[in-house]
Amino acid sequence: MTGKYNFKKLIAFFKMFFWIFILGAFIPHYLFAENTDSKSNPQIKSLIQNGSCIAASGNQIIFSYEDDKKLVPASIWKITTSLAALNTLGGNYRFKTEFYFDTDNNLYIKGFGDPFLVSEEIDLIFKTLKDKGLSEVNNIYLDSTAFNISSAPNGVSHSLNPYDVTNSALAVNFNTVNFTVDNDGTVSSAEKQTPTLAIMKDLGKGFKKGRHRINISNSPENVLRHTGELFRAIQHRNNISGDGIVLNKKTPEELKPLYIHHSSKNLSEVIEAMMLYSNNYTANQIYLTMGAHEYEYPATWEKSKKALRKYIDENFPGYSGSIEFDEGSGISRNNRITASAMIEILNRFKPYAALLPFEDNMHIKSGTLRGVYSYAGYFLRDGCYDSFVIILNQNRNNRDKVLKSLKKMYNTTSE
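Conventions we followed
- Residues numbered from 1 in each chain as written.
- Predicted model: local features only at pLDDT ≥ 70, side-chain atom pairs only at ≥ 80, totals over all residues.
- Heavy atoms only, no water.
- Buried < 20%, exposed > 50% of the residue type's maximum accessible area, 1.4 Å probe, protein only.
- Helix = DSSP H or I, 4+ residues; strand = E, 2+ residues; numbered from the N terminus.
- Pairing = 2+ DSSP bridges.
- Salt bridge = Lys/Arg side-chain N within 4 Å of Asp/Glu carboxyl O.
- Axes fitted to C-alpha atoms, helices over the stretch in contact; angles between N-to-C directions.
- Parallel < 35°, antiparallel > 145°, perpendicular 65-115°, else oblique.
- Contact = heavy atoms within 4.5 Å.
- Nonpolar A, V, L, I, M, F, W, Y, C, P; charged D, E, K, R; others polar.
- Expected span 1.5 Å × (residues − 1).
- Polar contact = N/O pair within 3.5 Å; in protein donor to acceptor, adjacent residues only side chain to side chain.
- Phe/Tyr/Trp six-rings, centres within 6.5 Å; stacked < 30°, edge-to-face > 60°.
- Core = buried A, V, L, I, M, F, W, Y, C linked by side-chain atoms within 4.5 Å.

**Focus on the pairing of strand β14 (residues 362-369)**
Then comes step 1: For β14, the tally of buried residues reaches 6 of 8 residues, placing the bulk of the element in the interior.
Then comes step 2: As paired elements, strand β13 (residues 358-359) and β14 share 2 bridges and run antiparallel to each other. Residue pairing for β14: Glu359 is matched across the bridge by Met362.
Then comes step 3: Here β13 hands over to β14 after 2 residues, with Asp360 in that stretch at a positive phi of 50°.
Then comes step 4: Note: β14 against strand β15 (residues 372-381), 8 bridges, orientation antiparallel. Each bridged residue has a counterpart across the sheet, and for Lys365 the counterpart in β15 is Ala376.
Then comes step 5: Where β14 hands over to β15, the hairpin turn is made up of 2 residues, of which Gly371 adopts a positive phi near 80°.

Spelled out as structure tokens, the structure:
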């Protein structure tokens, strides 16, 4: 009887251990947090009229306030887009651009959304084409059929501001023109790598002295002209002869590419630069490419939304209802997320934390729209990355004060 009794006790012990393990593994860690009620920090509560925040130390939430409230995240949404892209495309993914020639030495350029198709890259392209025996380029035909997007995302305005740039399968220098105006009104390129183009002189008329970068994407004619002029100018700079018209034209199916150029930057490097400058154009180029990768070209907003929704539902099933979106950069006010969902995304983003800007011993991304002020990132201590989120949808921008309070709490929390 004693042996049986001891055996039963042993079985009961292992059953208890098993259930403790299961509960510990699958119940969200924030359920085990200490008292995180706003009463424990009235200062933070006084700073938030309409918003939320949450912060962790190790596996424990040290403070949260209104963390299940869906709010507009602004540019911290780029972290979600980037995480999905890194997990589906891979950090070493490189955007491509294809180059074709016909028997009349006409050049067809087919774009696939490379956000860093900039002057330096075009110079490398022509050097490679020259090495392949190219000596003449006549007409230049631009093929942007890899993207089928008829409208800009919600939140993009028709302004000259670079943050309002719309997307394209084939555009150069972020769909912007960068020029300087001298005392006498002379317009020239503001970058040594970019030749002074005729379009700069035309668009720069009437601008005051100084440096200007303007969005040209609202005019398809200017996008065509800018792309064609830049390719032509760099062609001539590389001593490749020829001239002709520039037109939008689909690449004939019978042509085979002479050269497929892969960007000098891989996806991780593109994301790091995008986060630093909070570039909406780049974020949505990534978003559109992710959709095309999942559901084939041409890329559309609908395919990309479907692809990101699939990623969220599969990887964050408990938070599907806490996340709403219609584009990838955070410029849309239709994007919504809770702080509790955002911190789970940050926890999954930790292997890529160094892609976020670094300041004051934090990796941190900010987000700003009118009446929207957010932060998301990581406190650093002893090699550990501890996540925090602040989302304010209010007139008063108190995010720095909230961050200061959260950081003080974090620094005084024992291991």
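**Considerations on the pattern of salt bridges**
Then comes step 1: Tallied over the full model, the rule gives 11 salt bridges.
Then comes step 2: With its nearest N and O atoms 2.8 Å apart, the salt bridge here joins Asp123 to Lys127. Pair noted here: Asp123 and Lys127 are both in helix α4 (residues 119-131), with a separation of 4 residues, about one helical turn.
Then comes step 3: Given the relative accessible area of 39%, Lys127 is considered partly exposed.
Then comes step 4: Via salt bridges that share partners, Asp123, Lys127 and Arg237 belong to a single interconnected network.

**Comments concerning the packing of helix α3 (residues 77-88) against helix α9 (residues 301-315)**
Then comes step 1: Axis separation between α3 and α9 bottoms out at 10 Å; the angle between their running directions is 85°. Relative to α9, α3 is oriented roughly perpendicular. Between α3 and α9, the residues in contact are Trp77, Thr80, Thr81, Leu83, Ala84, Asn87 and Thr88 and Leu308, Tyr311 and Ile312, respectively.
Then comes step 2: Grouping the amino acids of the contact of α3 with α9 by side-chain chemistry returns 6 nonpolar, 4 polar and no charged.

**Focus: the sheet that holds β14**
Then comes step 1: The 6 strands are arranged β2-β1-β16-β15-β14-β13 in an open sheet whose pairing can be described as antiparallel. Pairing within the sheet leaves two strands with one partner each, and these edge strands are β2 (60-65) and β13.
Then comes step 2: In the sheet, β15 pairs with strand β16 (residues 384-392) via 9 bridges, with the strands oriented antiparallel. For Tyr378, the partnering residue across the bridge sits in β16 and is Ser387.
Then comes step 3: The sheet contacts of helix α11 (residues 399-412) involve β1 (51-57), β2, β14, β15 and β16, and relative to β15 the element is tilted by about 20°.

**Brief notes about helix α8 (residues 280-295)**
Then comes step 1: The end-to-end C-alpha separation of α8 is 23 Å, in line with the 22 Å expected for 16 residues at 1.5 Å each.
Then comes step 2: Among the 16 residues in α8, 13 count as buried, and that is most of the element.
Then comes step 3: Its side-chain oxygen placed 3.1 Å from the backbone nitrogen of Tyr281, Asn279 serves as the N-cap of α8.
Then comes step 4: Positive backbone phi, at 75°, marks Glu296, one or two positions downstream of α8.

**Quick look at the packing of aromatic side chains**
Then comes step 1: Across all of its chains, the model carries 16 aromatic pairs by this definition.
Then comes step 2: Look at Phe99 and Tyr259: their rings are 6.2 Å apart centre to centre, the planes differ by 20°, and that puts the pair in the stacked class. With a gap of 160 residues between them, Phe99 in strand β3 (residues 96-101) and Tyr259 in strand β10 (residues 259-262) connect regions that are remote in the sequence. Accessibility classification places Phe99 together with Tyr259 in one group, the buried group.
Then comes step 3: Measuring from ring centre to ring centre gives 5.2 Å for Phe116 and Phe174, while their planes differ by 85°; the resulting arrangement is edge-to-face. Placement of Phe116 in the loop between β4 (107-111) and α4 and of Phe174 in the loop between β5 (140-143) and β6 (176-181) is noted, with a sequence separation of 58 residues between them.
Then comes step 4: Residue classification places Phe116 among the buried positions, given a relative accessible area of 12%.
Then comes step 5: Among the aromatic residues, those joined into a cluster by ring pairs are Phe99, Phe126, Phe231 and Tyr259.

**Details of unusual backbone geometry**
Then comes step 1: A cis amide bond links Tyr297 to the next residue, Pro298, at an omega of 5°.
Then comes step 2: With respect to the element layout, Pro298 can be found in the loop between α8 and α9.
Then comes step 3: Positive phi, normally seen in glycine, also occurs at Ala74, with a value near 55°.
Then comes step 4: Looking at the secondary structure, you find Ala74 in the loop between β2 and α3.
Then comes step 5: Taking relative accessible area as the criterion, Ala74 reaches 1% and is therefore assigned buried.
Then comes step 6: The phi torsion at Asn239 lies on the positive side, around 60°, for a residue other than glycine.

**Structural notes on the nonpolar core**
Then comes step 1: Judged by nonpolar contacts, the single largest core of 55 residues is most densely connected at Ile79 and Ile323.
Then comes step 2: Among the elements of the structure, β1, α3, α7 (267-277), α8, α9, α10 (339-349), β15 and β16 are those that each provide at least two residues to this core.
Then comes step 3: The element best represented in this core is α10, accounting for 7 residues.
Then comes step 4: Not counting chain neighbours up to four residues away, the residues in contact with Ile323 comprise Trp77, Arg309, Ile312, Arg336, Ile337, Ala341 and Ile345.
Then comes step 5: Leu117, Val187, Leu197 and Ile214 belong to the second largest nonpolar core, which has 30 residues in total.

**Structural notes on the sheet that holds β5**
Then comes step 1: Within the open sheet, the 5 strands sit side by side as β9-β5-β4-β3-β10. Their pairing is mixed. With one partner strand each, in any of the chains shown, β9 (246-248) and β10 form the two edges of the open sheet. Between one strand axis and the next, the sheet turns through 20° on average, direction left out of account.
Then comes step 2: Strand direction decides the pairing type here: β3 and β10, joined by 4 bridges, are antiparallel. The residue of β10 that forms the bridge with Lys96 is His262.

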